[in-house]
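Listed below, chain by chain, are the residues.
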Amino acid sequence: MYRTALRNVLAHKGRLLMTMLAVLLGTAFVAGTMVFSDSVGQAFKDSQSSSYDNISVQVHNDAAGTDIKASANNSSALPLTEDTVRKIAELPGTQSARGTVTGFAGLSDPQGNLIGQRGDTQGSNWVAGADGKDSTYPMAAGAGPVNSRQIAVDQRTAAKNGFKVGDTVRLAVNGPVMQMTVTGIFTTVDPQVKAGGSLVLFDTATAQQLYLKAGQFTSIQAVARPGTSEAQLLAEVRPVLPHSDSISAKTGAQLSADSSAAVQAATSGMRTALLAFAGIALFVGIFLISNTFTMLIAQRTRELALMRAIGASRRQITNSVLLEALFVGVFASLGGLLAGIGIGAALKAFLGSGGNLPSGGLVVSPTTVVATVLTGVVVTVVAALLPSIRASRVAPVAAMRSNDQPPTQKSLVVRNSIGAAFFGTGLAAVLYGAHLGGSSGRLPVGAGAGLILIGAFVLTPLLSRPLIALVGPVFARLYGVSGKLAKQNALRNPRRTAATASALTIGLTLISALTVIGASVTEAVTKQVTSGMKADYAISVMLGEPVSPSLLPAIKGTAGVSATSVIDSQYVTADGRDLSVSGFDTADFGRLVAPAMLDGSADSIRQGALLVSRSTAAAHHWSVGGSARFSYPDGSTGTVRIGGIYQNNDLLGPVMMSEAVLAPHTTAPYYSDVLVAGAGGATSTLEQALKDSTGRNPLVRVQSQSQMVKEFSSQISLLLNVMYGLLGMAVLIAVLGVVNTLAMSVFERRREIGMLRAIGLDRRGIKRMVRLESVVIAAFGAVLGVAIGGFLAWAAVQLLKSSLAGLTTTFPVGQLTAYVLAAALVGLAAALWPARRAARMDILASIKTD
């Protein structure tokens, strides 16, 4: 049987080509993901480890965090000082010690825009030795900074932005923009810089003034003397440290291990996500593999029957088919492994070309090799299991009578009953989860979605008959005999049609669901911005910092500004719970803000009344005309009348009140935004004027309504495009399934095609028949996928409603229709080769086929 299996693989290698290609693509996805994630992870680990090569012990002020000055002012968070550096430097095992100050530093381009992102650009201090050099940051050009008006910039950032020694650049930390002179350009092994970030160096006194207080440090790095181990130096360092829970000390080895663990955690999420999409692609491939072996077994029915007649047992027949699948899986998986290594290398080279990844070699671990081959083999053998069992159960005599063994009525009834049970249970679970909403509904919706997909796959043969029959009259009218035959061929074997269409259904279900969810979220955000705000611009500051009150006169005095209002974001206590409150300048409130009022009047805020959101009013049992009692930030309490209730809007917050009422009860204003209306609306001139009036500070954002929506929409679009690209592999495998099914269908219908040619159907008619059959199958799978995907997206939106105010399900009909049309075109393209092959068949040779 081993020789028989090998002979069958070699004899049908052409017909197994698409199956091997499907397995190859799926396993290549798996291997590429593992090679890429392992290589990137190792590169980051090496980069992080190298940054600790010259550190024996590091002491860090953990309380510094992102708000270093706040923690430095906290009496319970003792700082690291120059005295601490001196004590560590004087230890017997210390060769050298340096204090380091770190924090965010935002460099500006000529238009005042931030270079990079918030976490990309860091500032630190230049520590010159006796020779005037800092060994940690060797200078490639110029010298280190020596006063508060000078900085040094890393070589990569300087080259990318054209900075040269002597240039004046604009920089901001957490205050006004500063004009700084570039005195030096340095090289560094800092892993963040090697990964695409930027680093700015100040002199130590300036860095302390910007990030901490004079004489304080974020961390201290110590180098051990020769003969002193890291552990020994750590034991010496700990007694001289300030006694504070916020201060920690670790060896270089510990820092390297922690860094490696952090990299592992960061890359594992990406790896898991990519492998999930690879799993989807392989799951789609199961349909192709199963369909191929089913058709091969049907074409070899007499051969298998003869083997049974001469003594082969059912187990031997089953094992023979499984051995064929094993051969296919092994060879295809090895090809997938090689292709995956190439994919991983290409991805790493592409993403690293922009300098966003540290350099490093390609990592192909034994785990990758074993996992790839094992995955391909298991998927192939599992997919061939049912066809092999079905082959062994055909009675020898019955099989020798005919090559076409239609399924029994009993088997169809059982199949449809099982499918209906799965589908009905899944539908009920999804509806129940959608009714619950929020996090409590996630499990029912997720489980129900899986059951619906399984049920739909099982019921697809039943669904294919009525749906495909609908296009029969249209095809017959438009394409005559070819159209009628295409419909009949698609309905001839519903199971085969269903298996082929189901592969497309999976991909289109996921793509359609993502599209609907993305459109719904984008529409909700757009409504919040456009319906809740009349202002032309909103001015805010990055890093979670408030807009400085000192900027308000400049903003109000900007040419073209007709109205302004701050949004003072504070927290009060109501009914024993913290509540976010937004204070507005009421003079121009109606020109800047437009809450969707459900009860009361928005103008009541001018008389000192509260405006509360619908959900907040319900939670606190407030109503218009009633009052709310607040405990304010300054410790005072007061009662405020409720003047109106508005529709939930995340942009406006849960409670709005007059700034004149709120401000006297706060310890300090916190202006999260400043709203601006222009005399001539939103114009590029006004936008630049507002940037100029705020000092062209790279941390200050001036955004119009359209820019807010565009920023959010671009993030959604980027995420969707990435997921579409990852799902593309599954769709490609589904297309291969259509090609494979049609090609094998043409082969087994050679006599029929020959007879059609003999009675007058020309080559063009044959091609049209095959192409239309492919279009019908592809369109059927797409329609089913779009329908299921739309329903699951609706359920997902119900779960998200509690997290995003005003969220409703939005169906982008044009885009969903385009998916169906695109699937039909893909089906047409997939049929080109099988149709051409069918049309070129010799008439007499085809008729003589047994």
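Please read all numbers here as calculations on a predicted model, not as lab measurements.

**Q** Which residues make up the packing of helix 24 (residues 763–800) against helix 26 (residues 832–839), and what values go with them?
**A** Between helix 24 and helix 26, whose axes approach to 8 Å, the crossing angle comes to 145 degrees. Here the hand of the crossing between helix 24 and helix 26 comes out right-handed. When helix 24 is examined against helix 26, the residues Arg763, Ile766, Lys767, Val770 and Arg771 are found in contact with a partner set consisting of Leu832, Pro834, Ala835, Arg836, Ala838 and Ala839. Grouping the amino acids of the contact of helix 24 with helix 26 by side-chain chemistry returns seven nonpolar, no polar and four charged.

**Q** Go over the sheet that holds strand 14 (residues 247–251), please, and point to the residues and values.
**A** Reading across the sheet, the four strands line up as 3-13-1-14 and stay open at both edges, with antiparallel pairing between neighbours. The strands lining the two open edges of the sheet, one partner per strand, are strand 3 (94–100) and strand 14. Averaged over all pairs of adjacent strands, the angle between their axes in this sheet comes to 15 degrees, without regard to strand direction. In terms of strand pairing, strand 1 (residues 57–61) meets strand 14 through five bridges, oriented antiparallel. Considered in strand 14, the bridge of Gln58 is made with Lys250.

**Q** Outline the packing of helix 16 (residues 494–532) against helix 24, listing residues and values.
**A** Where helix 16 meets helix 24, the axes come as close as 6 Å, and the angle between the chain directions of the two elements is 35 degrees. In this structure, helix 16 meets helix 24 at a crossing whose hand is right-handed. For the contact of helix 16 with helix 24, the class distribution of residues is 18 nonpolar, ten polar and no charged.

**Q** Give me the nonpolar core: which residues, what numbers.
**A** If you look at the biggest cluster of nonpolar residues, it comprises 86 residues, and the most contacted ones within it are Phe589, Val593, Met656, Leu675 and Ile733. Take this core: its biggest share by element is 15 residues, from helix 22 (residues 705–748). When residues no more than four places from it in sequence are discounted, the contact partners of Phe589 are Phe584, Pro595, Ala602, Ile605, Leu611 and Met656.

**Q** Give a description of the pairing of strand 22 (residues 655–658) that names residues and reports values.
**A** Bridge count between strand 17 (residues 577–584) and strand 22: three bridges; the pairing is parallel. Note that in strand 22 the partner of Phe584 across the bridge is Ser658. In this structure, strand 19 (residues 610–613) lies alongside strand 22, joined through two bridges in antiparallel fashion. Its bridge partner being in strand 22, Leu611 is matched across the sheet by Met656.

**Q** Describe helix 7 (residues 204–211), naming the residues involved and giving the relevant values.
**A** Among the eight residues in helix 7, six count as buried, and that is most of the element. Within the sequence span of helix 7, burial applies to Thr204, Thr206, Ala207, Gln208, Leu210 and Tyr211.

**Q** Quick rundown of a nonpolar patch on the surface? Include the residues and the values.
**A** Together, Leu362, Val364, Val369, Val370, Leu374, Val378 and Val382 make up a nonpolar patch on the protein surface, roughly 550 Å² of accessible area in all. Looking at where Val369 falls in the secondary structure, it is placed in helix 12 (residues 366–392). The exposure class of Val369 is partly exposed, given its relative accessible area of 31%.

**Q** Give a detailed account of the pairing of strand 11 (residues 198–203), specifying residues and quantitative values.
**A** Burial within strand 11 is extensive, with six of its six residues counted as buried. Across the two faces of strand 11 the burial is the same, with Ser198, Val200 and Phe202 and Leu199, Leu201 and Asp203 all buried. Bridge analysis of strand 6 (residues 121–126) against strand 11 gives six bridges, and the strand direction is parallel. In the strand pairing of strand 11, Trp126 is matched with Asp203. Here strand 8 (residues 150–154) pairs with strand 11 via two bridges, running antiparallel.

Thresholds, definitions, all that
Residues numbered from 1 in each chain as written. Predicted model: local features only at pLDDT ≥ 70, side-chain atom pairs only at ≥ 80, totals over all residues. Heavy atoms only, no water. Axes fitted to C-alpha atoms, helices over the stretch in contact; angles between N-to-C directions. Helix = DSSP H or I, 4+ residues; strand = E, 2+ residues; numbered from the N terminus. Left-handed = near helix turned anticlockwise from the far one by under 90°. Contact = heavy atoms within 4.5 Å. Nonpolar A, V, L, I, M, F, W, Y, C, P; charged D, E, K, R; others polar. Pairing = 2+ DSSP bridges. Core = buried A, V, L, I, M, F, W, Y, C linked by side-chain atoms within 4.5 Å. Buried < 20%, exposed > 50% of the residue type's maximum accessible area, 1.4 Å probe, protein only. Patch = residues over 30% accessible without salt bridge, like charges linked within 9 Å, V, L, I, M, F, W, Y side chains within 5 Å. Areas by Shrake-Rupley, 256 points an atom, 1.4 Å probe, with all protein chains shown as cover. Salt bridge = Lys/Arg side-chain N within 4 Å of Asp/Glu carboxyl O.

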